[in-house]
Amino acid sequence: MRIGELAAAVGVTTRTVRHYHHLGLLPEPARRANGYRHYALRHAVALARIRRLTELGLGLTEVRDVLADDAGKDLAEVLTELDEDLARQEGAIRERRRRLRALLDAGEPSAEGPVSPELAAVLHALPADGSPMAAKDREMLVLVDTGAAAEDRERMSAVLRGFLDDPDTVARTREAYALLDALADADPDDPRVERTARALAACVPDGLLTEDQPDWDNAVLRALYADFAPAQAEAVRRMLEIVLGVER
């Protein structure tokens, strides 16, 4: 057989055959006097086996192990590992579909989405009113929701949802955003900074921020401060001091 005939018989491309030669998975056949490869039945059988193994999900390195007989893992061991890996993938896919279904059932996704269903409920309750600071706050919540461990994410969302169920809390939050917005052109020593910081602190639910949490002067906070006007950044720093009990 010529290479095209071999590929057609097994249902692969000639490029695939050449790639398997290059990797050493399929032995090179003898060449005729005219230089063309001449494939025998054993090459077709070997190529068919490679195809079956790859269709099961084995990587080419694992296929090499199987084909190497005693030089690598035996087929049963490789297939067991593959089955376990597929089971993990299956579980991950089920979880992703569960989250997607929850997002779809919740109605129109938020502008910051996709987010977890728990955070979607928080964002729905959080006032926005076109406030630039409200938009930044929502972005930070999405960032934390994305990077936090599942238990921390669920705790944060539960605390915030309970806090925002109170209309007075929503009103205080709206006022705090307005105070922050008003500091856009202010100096860091503006007397409004302290008032704004205390208004922000009053909007932080008990237990949401604790002293034993990771370094609050970390890269994310530095990036947050850099994204604020100086007086706004100072108000946020001061709010953290108040909430965490680090009074000046």
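See above for the structure.
It should be emphasised that the depicted structure is a prediction, and the values quoted were computed from it without experimental measurement. (Residues numbered from 1 in each chain as written. Predicted model: local features only at pLDDT ≥ 70, side-chain atom pairs only at ≥ 80, totals over all residues. Heavy atoms only, no water.)

K.L.:
Help me understand the packing of helix H9 (residues 167–182) against helix H10 (residues 192–201), please; the structure alone is not making it clear to me.
P.N.:
A pair of packed helices is captured by two measures, namely the crossing angle of their axes and the spacing between those axes. At their nearest, the axes of H9 and H10 sit 9 Å apart, and the two run at 150° to each other. Regarding the angle of H9 to H10, the classification is roughly antiparallel. Of the two possible hands of crossing, H9 and H10 adopt the one that is left-handed. Here Glu175, Ala176, Leu179, Leu180 and Ala182 of H9 come into contact with H10, specifically with Arg192, Arg195, Thr196, Ala199 and Leu200. Taken together, the residues of the contact of H9 with H10 break down into six nonpolar, one polar and three charged. (Axes fitted to C-alpha atoms, helices over the stretch in contact; angles between N-to-C directions. Helix = DSSP H or I, 4+ residues; strand = E, 2+ residues; numbered from the N terminus. Parallel < 35°, antiparallel > 145°, perpendicular 65-115°, else oblique. Left-handed = near helix turned anticlockwise from the far one by under 90°. Contact = heavy atoms within 4.5 Å. Nonpolar A, V, L, I, M, F, W, Y, C, P; charged D, E, K, R; others polar.)

K.L.:
Honestly, the packing of aromatic side chains in this entry has me stumped. Any pointers?
P.N.:
Here a ring pair, both rings aromatic, is described through the centre-centre distance and the interplanar angle of the planes. Applying the stated rule across the entire model yields zero aromatic pairs. The side chain of arginine 2 reaches across the aromatic face of tyrosine 36, ending 4.1 Å from its centre. (Phe/Tyr/Trp six-rings, centres within 6.5 Å; stacked < 30°, edge-to-face > 60°. Lys NZ or Arg CZ within 6 Å of the ring centre and 35° of its normal.)

K.L.:
Which parts of the structure should I look at to understand the side chain of histidine 21?
P.N.:
With respect to the helices, strands and loops of the structure, histidine 21 is situated in helix H2 (residues 14–23). Residues contacting histidine 21, with those up to four places away along its chain left out, are Leu26, Pro27, Glu28, Pro29, Arg37 and Tyr39.

K.L.:
Explain the nonpolar core here, please?
P.N.:
Considering soluble globular proteins, one finds that nonpolar side chains tend to be buried as a cluster. One finds Leu119, Leu141 and Met239 to be the most contacted residues of the largest nonpolar core, which totals 37 residues. For this core, the leading source of residues is helix H12 (residues 230–243), giving seven residues. Apart from residues lying up to four places away in sequence, leucine 141 is in contact with Leu119, Val122, Leu123, Leu126, Met156 and Leu160. Counting 18 residues, the second largest nonpolar core, distinct from the first, contains Leu6, Tyr20, Ala44 and Val66. (Core = buried A, V, L, I, M, F, W, Y, C linked by side-chain atoms within 4.5 Å. Buried < 20%, exposed > 50% of the residue type's maximum accessible area, 1.4 Å probe, protein only.)

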